[in-house]
Amino acid sequence: MAEIRQVQVTFDCADPERLARFWCEVLGYAVVPPKGYESWDAFNRERFPDGDGAWCSASDPTGAGPRLFFQRVPEGKTVKNRVHLDVRVGTGMTGEERLAALEAECTRLVALGAVRQRLLYDGTDSCIVMQDIEGNEFCLD
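Residues numbered from 1 in each chain as written. Predicted model: local features only at pLDDT ≥ 70, side-chain atom pairs only at ≥ 80, totals over all residues. Heavy atoms only, no water.

For the chain, an unreviewed UniProt entry supplies the name VOC family protein and the organism Streptomyces prasinosporus.

### As for the sheet that holds strand E2 (residues 30-31)
The sheet built from four strands is open, its strands ordered E1-E4-E3-E2 with mixed pairing. Of all strands in the sheet, those with a lone pairing partner are strand E1 (8-13) and E2, marking the two edges. In this structure, E2 lies alongside strand E3 (residues 55-59), joined through two bridges in antiparallel fashion. The partner of Ala 30 across the bridge, within E3, is Ser 59. Across the sheet, helix H1 (residues 16-27) touches E1, E2, E3 and strand E4 (67-72), and the angle it forms with E4 is around 155 degrees. (Pairing = 2+ DSSP bridges. Helix = DSSP H or I, 4+ residues; strand = E, 2+ residues; numbered from the N terminus. Contact = heavy atoms within 4.5 Å. Axes fitted to C-alpha atoms, helices over the stretch in contact; angles between N-to-C directions.)

### What to know about the packing of aromatic side chains
Under the defined criterion, the tally for this structure stands at ten aromatic pairs. Between Phe 11 and Phe 70 the ring centres are 4.9 Å apart and the planes differ by 25 degrees, which places this aromatic pair in the stacked class. On the criterion of sequence distance, the pair formed by Phe 11 in strand E1 and Phe 70 in strand E4 is long-range, its members being 59 residues apart. Take Phe 11: its relative accessible area is 9%, and that puts it in the buried class. Classification of Phe 70 as buried rests on a relative accessible area of 0%. Where Trp 40 meets Phe 69, the ring centres are 6.2 Å apart and the plane angle is 65 degrees; that geometry is what we call edge-to-face. Remark: Phe 69 occurs in strand E4 and Trp 40 occurs in helix H2 (residues 40-47); sequence separation between them is 29 residues. (Phe/Tyr/Trp six-rings, centres within 6.5 Å; stacked < 30°, edge-to-face > 60°. Buried < 20%, exposed > 50% of the residue type's maximum accessible area, 1.4 Å probe, protein only.)

### Comments concerning the pairing of strand E8 (residues 137-140)
Side chains of E8 alternate between two faces, with Glu 137 and Cys 139 and Phe 138 and Leu 140 buried alike. In this sheet, E8 lies alongside strand E5 (residues 85-87) in parallel orientation, the contact comprising three bridges. Across the sheet, residue Asp 86 finds its bridge partner in E8, namely Cys 139. Alignment of strand E7 (residues 126-131) against E8, held across four bridges, turns out to be antiparallel. Considered in E8, the bridge of Val 129 is made with Cys 139. As consecutive antiparallel partners, E7 and E8 are separated by five residues, and within that stretch Gly 135 has a phi angle of approximately 90 degrees, a positive value.

### Notes on the state of the cysteines
Scanning all chains against the criterion turns up zero disulfides. No disulfide involves Cys 24; its sulfur sits 7.4 Å from that of Cys 56, the nearest cysteine. (Disulfide = S-S within 2.5 Å.)

### Considering the sheet that holds E5
Spatial ordering of the open sheet is given by E5-E8-E7-E6, a layout of four strands whose pairing is mixed. At either end of the open sheet lies a strand with only one pairing partner, and these are E5 and strand E6 (115-121). Sheet twist, expressed as the mean angle between neighbouring strand axes with direction ignored, is 25 degrees.

In structure tokens form, the structure reads like this:
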């Protein structure tokens, strides 16, 4: 059996390019069009002339993080995610220092359209549960 070295995280969504650009802002990623195309829009127009299909992706410019792939689906989000991203903001921090780092990032992401759900804080460890612009849950950790 072959060893798998990379993974891609795929999001079902209503507006792939908008959601990809949101996650690029969150993670410092870039929208990278498919080879041979100047943009995802050009790719989608050629592949789906009826306008039914739309894809987009976001990639870590350093190559270290996983590629995020966004695909349009007809149905909306109806239940809680079974898998979510943890955006590692406070790694190595505890207490008030960690909480301050999470709160600062939360403020930045809310300005981009994210929604704060709740703070989980026990005096030492903390996490902020958020939603992206299409309602997908993620955590600031």
